[in-house]
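Observations on chain architecture
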Amino acid sequence: MKNGFNSASFRRLSLGLGGGVLAVLLASGPLAAQSANPALEAARSSGQVGEQTDGYLGFPATPSDEVRRTADTVNIKRRKIYVERAQANGSTVEDYAFTTSCQLIARTKVGEKYQAPDGSWRTRTAEPPLRDNRCPPVAAAN
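Small disclaimer: the values here were computed from a predicted structure and weren't measured. (Residues numbered from 1 in each chain as written. Predicted model: local features only at pLDDT ≥ 70, side-chain atom pairs only at ≥ 80, totals over all residues. Heavy atoms only, no water.)

1. Details of the overall build of the protein chain
Note the cut-off: In this description a helix means any DSSP run of H or I spanning at least four residues, a strand means any run of E spanning at least two, and both kinds are numbered starting from the N terminus. Residue exposure (1.4 Å probe, protein chains only): buried if accessible area is under 20% of the type maximum, exposed if over 50%, otherwise partly exposed. Contacts are assigned to residue pairs with any non-hydrogen atoms lying within 4.5 Å of each other. Method for areas: the Shrake-Rupley scheme with a 1.4 Å probe, in which residue coverage is limited to the protein chains shown.
Secondary structure summary: the protein chain contains five helices and four strands in total. Overall, the protein chain shows an N-to-C arrangement of helices and strands of α-α-α-β-β-α-α-β-β. For the protein chain, with 142 residues in total, the buried portion stands at 44%. Sequence separation of at least 24 residues holds for 54% of the intrachain contacts in the protein chain that already meet a minimum separation of 6. Carbon and sulfur atoms form 55% of the exposed surface of the protein chain, whose accessible area is close to 7500 Å².

2. Here we look at the packing of aromatic side chains
The criterion, for reference: Working definition: a ring pair exists when centres of Phe, Tyr or Trp rings (six-membered ring for Trp) sit within 6.5 Å. Plane angles under 30 degrees give stacked, over 60 give edge-to-face, the rest tilted.
For the coordinates displayed, the defined rule picks out two aromatic pairs. Residues Y56 and Y82 carry aromatic rings whose centres are separated by 5.3 Å and whose planes lie at 75 degrees to one another, so their mutual orientation is edge-to-face. On the criterion of sequence distance, the pair formed by Y56 in the loop between β1 (50–51) and β2 (57–58) and Y82 in helix α4 (residues 65–89) is long-range, its members being 26 residues apart. Looking at Y56, the relative accessible area reads 16%, which means it is buried. Accessibility expressed as a relative area gives 0% for Y82, which makes it buried.

Following this line, the structure appears as structure tokens:
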């Protein structure tokens, strides 16, 4: 399995996180690490950066130096959050980042880039994005 992630580690992480708790963690964690960043939003909209399956921002095409620096800064913040949350939940950093990536990819907007389970870069359409079959189901919006 990729990064040693298996169904047992997912169950352990899922039990520790729960859907509602995971949503709160995303709002206060990885998503907060990139919020209110016009340069990053512009890079997302133009397809210069996208969500990877490992929980970090990646580059579907060669980015500008500014976009690379911005994404690297967000990724450093994400890593710090993943380390803290994984330790608090008795999980590995890789498992926590993977589980978070499932949610981040699900939350991409139409036109944004994301990494499919096979590693290819896709552009989000109105259809749900392709996600790893180990990802939890997306909760229905209220």
